[in-house]
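Structural description and commentary
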Amino acid sequence: MNSFSQNSQRRLEIEGLRAVAASLVAVYHIWLGGVSGGVDAFFAVSGFLITSSLLSQQEKQGRINPFYFWAKLARRIFPVALLVIFTTAIFGTFILPQVLWVDTIKHAAASLVYAENWRLAFDAVNYLTQGMEATPYQQFWALSVQGQFYLLWPIVFLFILSFKGIKSKRLFLGGAFLLIFSASLIYSVISTAHNQAFAYYDTFARLWEFSIGAALALCINKIKINKILSFSLGWLGLLGLVFCGLVLDVSNQFPGYVALVPTLGVALVIISGNSITQGSAAQLLSNRYLVRLGGYSYAFYLWHWPVLVFFRHLTKKVDISFIEGAMIIAISFILSIVSTRLFESPIRNSLSLKNSAPLKSFLVIAFMAFPAGATIAGWAAYTKGELLKKLSYSISATPVFWGHEYSTKPLLSHRALMSTLLLLMLAVIDLSHTWISVNKNQLKRNC
């Protein structure tokens, strides 16, 4: 069997990269009204980490079990995502005008099944130009693209490694990644030129960004560079990532070849991490504060957009001042800490789930997904009733609530439904944590 040895040491500069990428996304969304290239950096980092994980599993177990891989990822990404979907639906019923409810429900449902990117693609939506009409779920497009990649990549690995008589599977994998990279990039360039609004959310137009990280994972331990070159490449990559959103028209030119700037920037930073020197970009990114922020970057990315959208509706303001933006970031960061510690970590680090069959993890996630799905379904049913009522009756005077037009029927029954579902969600979380704790204690006693 060929060796797939990977560097088991944690790459701290990658956590720092995550923190920088998430911060860039928030800063550009809040103050600059543009796209930073931070999401593209996330894609390249994901390709590197996921490929490294699959290679490590191949070496340790002699095979790749996609179900264990998917179960591990589900424990990592679903708890916070489901919490954000559920919480956003609850607050959306009180803050958003009814005229936006139908679209918001559609996007909520698409986010729940990791298809928000296709929802936006077929709607040809540029959510940065929508202003007050943007729904609070549209940040899930990037998570949807990542989820589809996570589903696809182990299958690609299994297919490639199924070929017999190959002397160097690493070299064969590299060739396959190069083919995927080339085909996706060519498609991305053509589709961006033809229909950029669709291509921006198209998973197949984004695969090449993941492939850059995947190819790097194959050869990262083989790359040896001197300290001067490492220092130069690291800062070149980091500065390219930070400033590409200012220099390039990201929102109108991505994901074509222009997106090579942030993705190659990530690759250069990771390569420079092989030889960290004093004052290097990798050393800066390995700072304990940035590393800690990187641990919350996933949740921060998910929270910042609904907080921003709700703030705009509550204040009736599209342009955000520095103080207001800082407040939005602070609220989002607090929510990310709470949700990561109370929702993600207990599920992700559960010994009971780690040492059980993947089905148990999938059942726990499905159990947690029920309140979010029920809330969206209840909201949709209520909205459908209101729409039918408006078609049946002529309303001469429409009351106003929080500055928005609402139907004549009070929202009390709907609020009661939302409150009940909130209590149900808390009960589900409590039961999930209790179940995991009990199984963990039983496991410890059996050992």
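These numbers come from a predicted model, not from an experiment.

1. Quick notes on the overall build of the chain
Scanning the chain from N- to C-terminus turns up 18 helices and 2 strands. Restricting to contacts in the chain with at least 6 residues of sequence separation, those with at least 24 account for 82%. Carbon together with sulfur atoms contributes 67% to the accessible area of the chain, which is approximately 20300 Å² in total.

2. A word on the nonpolar core
Side chains of nonpolar character tend, in soluble globular proteins, to be buried together. Judged by nonpolar contacts, the single largest core of 105 residues is most densely connected at Trp 141, Trp 153, Phe 157 and Leu 302. Of all the elements, helix α3 (residues 66-95) adds the most residues to this core, at 13 residues. When near neighbours in sequence (up to four residues on either side) are disregarded, Trp 153 contacts Ile 50, Thr 51, Leu 54, Phe 177, Ile 180, Ser 211 and Ala 214. Core analysis: the next-biggest nonpolar cluster, separate from the first, contains 7 residues, Ala 74, Leu 353, Val 364 and Met 368 among them.

3. A closer look at the pattern of salt bridges
Following the criterion strictly, the structure yields 8 salt bridges and no others. Connected through shared salt-bridge partners, Asp 40, Arg 206 and Glu 209 make up one network.

4. A closer look at the packing of helix α8 (residues 207-219) against helix α11 (residues 260-272)
Relative placement of two packed helices is described by the angle separating their axes and the distance separating the axes. The contact between α8 and α11 brings their axes to 10 Å, and the two run at 15 degrees. On the basis of the axis angle, α8 is roughly parallel to α11. Considering how the two elements wind past one another, α8 and α11 form a crossing that is right-handed. Contact residues: α8 offers Trp 208, Glu 209, Ile 212 and Leu 216, while α11 offers Leu 260, Thr 263, Leu 264, Ala 267, Ile 270 and Ile 271.

5. A few points about the layout of surface pockets
Reported here for the second largest pocket is a volume of approximately 350 Å³. Surrounding the second largest pocket, 13 residues form its lining, Trp 70, Ala 74, Ile 77, Phe 78 and Leu 151 being those nearest its centre. Every element with two or more residues in the lining of the second largest pocket is listed here: α3, α6 (140-161) and α17 (358-392). Of the residues assigned to the lining of the second largest pocket, the class counts are 11 nonpolar, 2 polar and no charged.

6. Brief notes about helix α7 (residues 169-199)
The terminal C-alpha atoms of α7 lie 33 Å apart, and with 31 residues this falls more than 12% below the ideal 45 Å at 1.5 Å per residue. Those residues of α7 that sit buried are Leu 173, Ala 176, Phe 177, Ser 184, Leu 185, Ser 188, Ser 191, Thr 192, Gln 196 and Ala 199. On its buried side, α7 packs onto α2 (38-61), α6, α8 and α10 (250-253).

7. Some remarks on the environment of Cys 244
Looking at the element boundaries, Cys 244 is found in helix α9 (residues 227-247). Overall, the relative accessible area of 2% leaves Cys 244 in the buried class. Sequence separation between Cys 244 and Gly 38 is 206 residues, and the spatial gap between their C-alpha atoms is 9.5 Å. What Cys 244 contacts, discounting residues up to four positions off in sequence, is Ser 36, Gly 37, Val 250, Val 261 and Pro 262.

Conventions adopted
- Residues numbered from 1 in each chain as written.
- Predicted model: local features only at pLDDT ≥ 70, side-chain atom pairs only at ≥ 80, totals over all residues.
- Heavy atoms only, no water.
- Helix = DSSP H or I, 4+ residues; strand = E, 2+ residues; numbered from the N terminus.
- Contact = heavy atoms within 4.5 Å.
- Areas by Shrake-Rupley, 256 points an atom, 1.4 Å probe, with all protein chains shown as cover.
- Core = buried A, V, L, I, M, F, W, Y, C linked by side-chain atoms within 4.5 Å.
- Buried < 20%, exposed > 50% of the residue type's maximum accessible area, 1.4 Å probe, protein only.
- Salt bridge = Lys/Arg side-chain N within 4 Å of Asp/Glu carboxyl O.
- Axes fitted to C-alpha atoms, helices over the stretch in contact; angles between N-to-C directions.
- Parallel < 35°, antiparallel > 145°, perpendicular 65-115°, else oblique.
- Left-handed = near helix turned anticlockwise from the far one by under 90°.
- 1 Å grid on protein atoms, 1.4 Å probe; cavity = no way out; pocket = protein on both sides within 12 Å on 5 of 7 lines; lining within 4 Å.
- Points joined across faces, edges and corners; volume = space filled by probe spheres on them.
- Nonpolar A, V, L, I, M, F, W, Y, C, P; charged D, E, K, R; others polar.
- Expected span 1.5 Å × (residues − 1).

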